[in-house]
Amino acid sequence: MSEFQGHAERRVHPRKKVPLRAELHLADKETPVRETTSDLSLGGCYIGTMATMQVGTRLNIALWLGEEKVTISAIVVTCYPQVGNGIQFLAMPPADRNRVRSFLESLRDSN
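Residues numbered from 1 in each chain as written. Predicted model: local features only at pLDDT ≥ 70, side-chain atom pairs only at ≥ 80, totals over all residues. Heavy atoms only, no water.

**Details of the side chain of Thr37**
Its location among the elements puts Thr37 in strand β3 (residues 33-41). Exposure remark for Thr37: the relative accessible area of 3% places this residue in the buried category. Side-chain polar atoms of Thr37 contact the backbone nitrogen of Leu20, separated by 2.9 Å. The residues touching Thr37, leaving out its near neighbours within four places in the chain, are Val18, Pro19, Leu20, Ala22, Cys45, Tyr46, Ile47 and Leu63. (Helix = DSSP H or I, 4+ residues; strand = E, 2+ residues; numbered from the N terminus. Buried < 20%, exposed > 50% of the residue type's maximum accessible area, 1.4 Å probe, protein only. Polar contact = N/O pair within 3.5 Å; in protein donor to acceptor, adjacent residues only side chain to side chain. Contact = heavy atoms within 4.5 Å.)

Here's what the structure looks like:
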């Protein structure tokens, strides 16, 4: 039995497995950290990384949806050391939210 069995699903938005370029802007770092998402939803993403961040870390994320860049205020909600972080989106400009929604819908339509 997996450690995740029995845990209630807390996600509100469906996830799509999609690798996207991500730029993580942390308050204590001058230079952004560049990573890749492994999945994305309208409410958050997962970023696989060896250099994980602590739960509760606030950051700004820039994601590239093709050639379009969206900017999102976020918080780290899960941490698996040397594996990755679950990121919950807190706020994004309405136009960027619409871009993310349209991008995710285009993935659903292509299946």
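**As for the pattern of salt bridges**
Tallied over the entire structure, the rule returns four salt bridges. A salt bridge links Asp39 to Arg15, with the shortest nitrogen-to-oxygen separation between them at 3.4 Å. Taken as a pair, Asp39 in strand β3 and Arg15 in the segment before β1 (16-17) lie far apart in primary sequence, 24 residues in all. By relative accessible area, Asp39 is classed as buried at 6%. (Salt bridge = Lys/Arg side-chain N within 4 Å of Asp/Glu carboxyl O.)

**What about the nonpolar core?**
Among the nonpolar cores identified, the biggest contains 24 residues, and Leu40, Leu59, Ile61, Leu63, Ile87 and Phe89 are the most heavily contacted of them. Only β2 (21-26), β4 (44-48), β5 (58-65), β6 (68-80), β7 (84-91) and α1 (94-109) provide two or more residues apiece to this core. (Core = buried A, V, L, I, M, F, W, Y, C linked by side-chain atoms within 4.5 Å.)

**Re the pairing of β6**
The pairing of β5 with β6 spans eight bridges and is antiparallel. Counted as the bridge partner of Leu59 is Ala74 from β6. With antiparallel pairing between neighbouring strands as the criterion, β5 and β6 make up a hairpin whose turn holds two residues, including Gly66 at a positive phi of roughly 70 degrees. Sheet analysis places β6 next to β7, joined by seven bridges and oriented antiparallel. In the sheet register, Ala74 faces β7, and the bridge partner there is Phe89. As consecutive antiparallel partners, β6 and β7 are separated by three residues, and within that stretch Gln82 has a phi angle of approximately 60 degrees, a positive value. (Pairing = 2+ DSSP bridges.)

**So, the environment of Glu23**
Within the secondary structure, Glu23 is located in strand β2. As for Glu23 and Thr37, which are separated by 14 residues in sequence, their C-alpha atoms are 10.0 Å apart. Once you skip the residues sitting within four places of it in the chain, Glu23 turns out to touch Pro32, Val33, Arg34, Asn60, Ile61, Ala62 and Trp64. A distance of 2.9 Å separates the side chain of Glu23 from the side chain of His25, its partner in a polar contact.

**Some remarks on the pairing of β2**
Bridge count between β2 and β3: four bridges; the pairing is antiparallel. The partner of Glu23 across the bridge, within β3, is Arg34. What sits between the antiparallel neighbours β2 and β3 is a turn of six residues. The pairing of β2 with β5 spans five bridges and is antiparallel.

**Here we look at the layout of surface pockets**
Of the pockets and cavities examined, the second largest pocket occupies roughly 200 Å³. The wall of the second largest pocket is formed by His13, Pro14, Lys16, Ser41, Leu42, Arg101, Leu104, Glu105 and Arg108. Sort the elements by how many residues they give to the lining of the second largest pocket and α1 lands first, with four residues. Counted by class, the lining of the second largest pocket contains three nonpolar, two polar and four charged residues. (1 Å grid on protein atoms, 1.4 Å probe; cavity = no way out; pocket = protein on both sides within 12 Å on 5 of 7 lines; lining within 4 Å. Points joined across faces, edges and corners; volume = space filled by probe spheres on them. Nonpolar A, V, L, I, M, F, W, Y, C, P; charged D, E, K, R; others polar.)

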